[in-house]
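Chains, contacts and geometry: an overview
So you can see what is in the structure, the chains are spelled out below.
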Amino acid sequence: MEVAGQTTNPYRAKITAIGGYVPPDVLTNHDLEKIVETDDQWIVERTGIRVRHIVAKDMATSDMAVEAARVVLENRGLAPGELHAIIVCTVTPDMLFPATACLVQDRLGAQGAWGFDLIAACSGFVYGLTTAAHLVSSGPPKKVLVIGADTMSRIIDYTDRSTCILFGDGAGAFLVETAAEGEEGFLDFVNEVDGSGGQFLRMPAGGSRLPASHETVDAKQHFVHQEGQQVFKYAVRKMAEMATLLLRRNGLRGDDVKLLIPHQANRRIIEATAKALDMPLERVIINIDMYGNTTAATIPLATRDAVESGQLVKGDLVLFAAVGAGYTAGASLWRWQC
Ligand code: UT7
């Protein structure tokens, strides 16, 4: 199936390698039953989550990002010095500055690369991919590493049952580079921000509005605060809306896409999106049961699972879609090339 999009751009982007890292330690629903008033059945029924992975005390986001990046470089047979740019999508940087991209560049030894952090919460990786595709399409051949990495366990209040059951830690990465002449890759995208929803999912303190103080710590303002139902309703509506818009303007239906790889926030959101697109669940990657919501890392980790299970192969049309804090939302369409 031919797809419209950037067919005339001589510098079209494609994804050439992927990688991921998930810490070995797990926190199960039964572990959480001992910490807060919850139960396995409620968590599975309302979210689909069974297990999340939690980093060791001495690890931070850049460590997981470097692990994922090394897998990508190895899979592509690339030396770190061949990278042109590194984009780290995260809401849990090691610190506010230097950017986690700088820490990753140094640890990898990616001499000559530039980079930056991209804050778009759960839509971060989708925004990062789109940004990388446009960097690549702007000129002579380039190799851009896009990493989605989050250490959510560091900003979660493990006495708040409405949030602590949801999140896990992890990192995933894609290499985006220039496609050969006539080769398809990045096809189209839609991204959107609706800042009026910012109040419903946020970490209130730690920035210039509410710098860290005894008061902000006592008030637990350095943790994730979420009004779950508000975010849920927005996510169900937006994820379907963005994906449908993208397909429609490319003359496609759900049937034409091999795989939908959505952000993993809640199994019910994913199922509603699949239904709206008229896509059977066999063509939707769902791994939230194993990892929970790893924020910017869900899409690359789900993609890794799709490739490893043989569900995603070279030549397939794949649709990524995400909704997150901000509100942020986005979707992009790619011809898979690795
Ligand atoms: O990735 C970024 C975007 N984030 C999302 O997309 C998350 C979107 N939101 C959600 O996934 C869901 O809203 C949650 C999973 C967070 C919550 O599910 P819900 O079905 O919306 O539950 P609720 O907040 O409406 O709460 C229903 C009941 C409440 O009890 P009452 O007031 O009915 O007695 C809660 O107190 O469930 C209770 N509850 C729990 N019970 C057992 C809330 N959390 C828990 C829990 N265990 N962990």
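Check the entry above for the structure.
For clarity, every value in this text was computed on a predicted model and none was experimentally measured.

**Observations concerning unusual backbone geometry**
- That bond from F97 to P98 is cis: its omega, 5°, falls within 30 degrees of zero.
- Counting through the fold element by element, P98 comes out in the loop between β4 (85-89) and α4 (100-108).
- Although it is not a glycine, K220 adopts a positive phi angle of roughly 55°.
- Counting through the fold element by element, K220 comes out in the loop between α7 (214-218) and β10 (225-226).
- Under the relative-accessibility criterion, K220 is labelled partly exposed at 34%.

**Notes on the environment of N293**
- For N293, the location among the structural elements is in the loop between α10 (288-291) and α11 (298-308).
- With a relative accessible area of 4%, N293 lands in the buried category.
- The sequence separation of N293 and A265 amounts to 28 residues, and the corresponding C-alpha distance is 5.1 Å.
- In contact with N293, other than residues within four places in its own chain, are C122, M152, L166, F167, G168, H263, Q264, A265 and T298.

**Remarks on the site of the ligand**
- Taken together, 22 residues lie around the ligand, and T38, R46, Q229, N266 and N293 are the ones closest in.
- For the ligand, an oxygen atom lies 2.8 Å from a polar atom in the side chain of R46.
- Taking R268, its side chain carries an N or O atom lying 3.1 Å from an oxygen atom of the ligand.
- When the free accessible area of the ligand is taken as 950 Å², the share hidden by the protein chains comes to 73%.
- A majority-of-atoms criterion places the ligand in the second largest pocket.
- Of all the secondary structure elements, the ones that give two or more residues to the shell around the ligand are α2 (40-47), α6 (161-164), α8 (228-249) and α9 (267-276).
- When residues of the shell around the ligand are assigned to their parent elements, the largest contribution, four residues, is made by α8.
- Split into classes, the residues belonging to the shell around the ligand amount to nine nonpolar, nine polar and four charged.

**Considerations on the side chain of T328**
- Residue position: T328 is located in strand β13 (residues 328-335).
- Its relative accessible area of 6% is what places T328 among the buried residues.
- A polar contact of 3.1 Å, which involves the side chain of T328, links it to the backbone oxygen of A325.
- Discounting residues that sit within four places of it in the chain, T328 has contacts with A120, S123, Y127, E192, V193, A322 and V323.

Conventions we followed
- Residues numbered from 1 in each chain as written.
- Predicted model: local features only at pLDDT ≥ 70, side-chain atom pairs only at ≥ 80, totals over all residues.
- Heavy atoms only, no water.
- Helix = DSSP H or I, 4+ residues; strand = E, 2+ residues; numbered from the N terminus.
- Buried < 20%, exposed > 50% of the residue type's maximum accessible area, 1.4 Å probe, protein only.
- Contact = heavy atoms within 4.5 Å.
- Near = heavy atom within 4 Å.
- Polar contact = N/O pair within 3.5 Å; in protein donor to acceptor, adjacent residues only side chain to side chain.
- Areas by Shrake-Rupley, 256 points an atom, 1.4 Å probe, with all protein chains shown as cover.
- 1 Å grid on protein atoms, 1.4 Å probe; cavity = no way out; pocket = protein on both sides within 12 Å on 5 of 7 lines; lining within 4 Å.
- Sits in = over half its atoms within 2 Å of the grid points.
- Nonpolar A, V, L, I, M, F, W, Y, C, P; charged D, E, K, R; others polar.

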